[in-house]
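Below, each chain spelled out in residue letters.
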Amino acid sequence: MREQIIHSKSITEIRAVFGLDKPTHPLITILDTQKLAYGEETVGKRFSSDLYCIALKDSSCGIDYGRNSYDFEDGVLIFTAPKQVITVKKPQALNEVQGWMLYFHPDLIRNTALGSKIETYNFFNYEVHEALHLSENEQNTLNQIVLLIQDEIKERIDNHSQQVLVSNIELLLNYSKRYYERQFNTRSASHIDIVSKVELLLKDYFSENQLIEKGQPTIQYLAYHCHLSASYLSDLLTKETGRSAKDHINDFLIDKAKQLLLGSTDSVSGIAYSLGFNYPHYFGRLFKQKTGKTPQEYRQLN
């Protein structure tokens, strides 16, 4: 039987998990990883929380990053959203890992501009092996922002505290977004291979009649076969081609629809069903959106 997940609902509870005292602020805390230690009894345990976490750790942290090679060895930045599960891979001794872990509760950013757009920072849904690898200068920039947050947490909470804290978190996220853009650029060659693989996966899916048997391919299906998270794959495709994963799927379906409309006498409804559309009017709507014509108009004009 699988071991129960240890779940923390608050900043106080997450600090208790690490054996730390109560926080100076109820909605945000920064943990120094050098001061964290846990033994063999923690290995394999699973943890989750109601909190967002941004963690910077050096390359000796022992987390499995999959088969991807490092761009930088100075540090990696990992993002986790509420309810995501983390498994401890190995014991950790005091002073073994350099870095920090910033935890904040969604209530801190509720009713703020950041709260309304936090889901646009897709890297909160990336897999661990898609972590952000930082240069020394990038790491120093983020460390400076974290120091500002740490100083604010230590001060007495006043009417400006939330705004200052949220502004700095948003600054941290925006720098991370910039650095991920750099990482996408430096890995462009390997990403081109993934773009080609996506196209091949779609072709094979069609040729093997999986559209009829299983319905249309999903982003999750493509991501699984590319060994990536759905969010990372979509961001990668958008960066390399200007089209999201969903766009790639829809464009592929429309391309096949054009071939079937011109190369067969099948009805529009029949073609829709053969392409995995449960309802022909959904097919007609997507086709017109992509081509400016209805399927019937396209067939007649060509």
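Residues numbered from 1 in each chain as written. Predicted model: local features only at pLDDT ≥ 70, side-chain atom pairs only at ≥ 80, totals over all residues. Heavy atoms only, no water.

Enquirer: Explain the pairing of strand S3 (residues 46-49) here, please?
Expert: Successive side chains on a regular strand alternate, one facing one side of the sheet and the next facing the other. Residues Arg46 and Ser48 line one face of S3 and the alternating positions Phe47 and Ser49 line the opposite face, and both faces are buried. Strand direction decides the pairing type here: strand S1 (residues 6-8) and S3, joined by 3 bridges, are parallel. Within the sheet, the bridge partner assigned to His7 lies in S3 and is Ser48. Relative to strand S6 (residues 86-87), S3 runs antiparallel, the two being bridged by 2 bridges. The partner of Arg46 across the bridge, within S6, is Thr87. (Buried < 20%, exposed > 50% of the residue type's maximum accessible area, 1.4 Å probe, protein only. Helix = DSSP H or I, 4+ residues; strand = E, 2+ residues; numbered from the N terminus. Pairing = 2+ DSSP bridges.)

Enquirer: Can you walk me through the pattern of salt bridges in this structure?
Expert: Pairing between side chains of opposite charge can happen when their charged atoms approach one another. As enumerated under the stated definition, the model contains 9 salt bridges in all. For the salt bridge of Glu138 with Arg182, the shortest nitrogen-to-oxygen distance reads 2.8 Å. Placement of Glu138 in helix H4 (residues 136-154) and of Arg182 in helix H5 (residues 161-186) is noted, with a sequence separation of 44 residues between them. We classify Glu138 as buried; its relative accessible area is 10%. The exposure class of Arg182 is buried, given its relative accessible area of 17%. The salt bridge involving Asp251 is made with Arg243; its shortest N-O contact spans 2.9 Å. Given the relative accessible area of 29%, Arg243 is considered partly exposed. Within the structure, one salt-bridge network assembled from shared partners comprises Arg243, Asp247, Asp251 and Lys290. (Salt bridge = Lys/Arg side-chain N within 4 Å of Asp/Glu carboxyl O.)

Enquirer: Is there a simple way to explain the environment of Gly263 in this structure?
Expert: As for its placement among the helices and strands, Gly263 is situated in helix H10 (residues 245-263). Separated by 36 residues in the primary sequence, Gly263 and Arg299 have C-alpha atoms spaced 9.6 Å apart.

Enquirer: I keep staring at the nonpolar core and nothing clicks. Help me out?
Expert: Nonpolar side chains tend to gather and get buried jointly when the protein is soluble and globular. Of all hydrophobic cores here, the largest spans 65 residues; its most connected members are Ile54, Trp100, Phe124 and Leu173. Ignoring anything within four residues of it in the chain, the contact list for Leu173 reads Ile54, Phe79, Leu114, Ile118, Tyr121, Phe123 and Phe124. With 9 residues, the next largest nonpolar core counts Ile14, Leu51, Cys53 and Met101 among its residues. (Core = buried A, V, L, I, M, F, W, Y, C linked by side-chain atoms within 4.5 Å. Contact = heavy atoms within 4.5 Å.)

Enquirer: Before we go on, may I ask you to explain the packing of aromatic side chains in this structure?
Expert: Here a ring pair, both rings aromatic, is described through the centre-centre distance and the interplanar angle of the planes. One pass over the full model with this rule turns up 19 aromatic pairs. With 5.5 Å between their ring centres and 15° between their planes, Phe123 and Tyr180 make a pair best called stacked. Of this pair, Phe123 sits in the loop between helix H3 (113-117) and strand S8 (132-134) while Tyr180 sits in helix H5, and the two are 57 residues apart along the sequence. Each member of the pair, Phe123 as well as Tyr180, carries the same accessibility label: buried. One cation-aromatic arrangement involves Lys177 over Tyr121; the distance from NZ or CZ to the ring centre is 5.6 Å. (Phe/Tyr/Trp six-rings, centres within 6.5 Å; stacked < 30°, edge-to-face > 60°. Lys NZ or Arg CZ within 6 Å of the ring centre and 35° of its normal.)

Enquirer: Can you help me understand the sheet that holds S6 in this one?
Expert: Backbone hydrogen bonds hold the strands of a sheet together, and the pairing may be parallel or antiparallel. The sheet built from 3 strands is open, its strands ordered S1-S3-S6 with mixed pairing. Each having just a single partner strand, S1 and S6 make up the two edges of the open sheet.

Enquirer: What am I meant to see in the side chain of Thr33 here?
Expert: Counting through the fold element by element, Thr33 comes out in the loop between strand S2 (28-32) and S3. A distance of 2.9 Å separates a polar atom in the side chain of Thr33 from the backbone nitrogen of Gly99. When residues no more than four places from it in sequence are discounted, the contact partners of Thr33 are Lys57, Gln92, Val97, Gln98, Gly99, Trp100 and Met101. (Polar contact = N/O pair within 3.5 Å; in protein donor to acceptor, adjacent residues only side chain to side chain.)

Treat this as a map of the structure, not an account of what it does.
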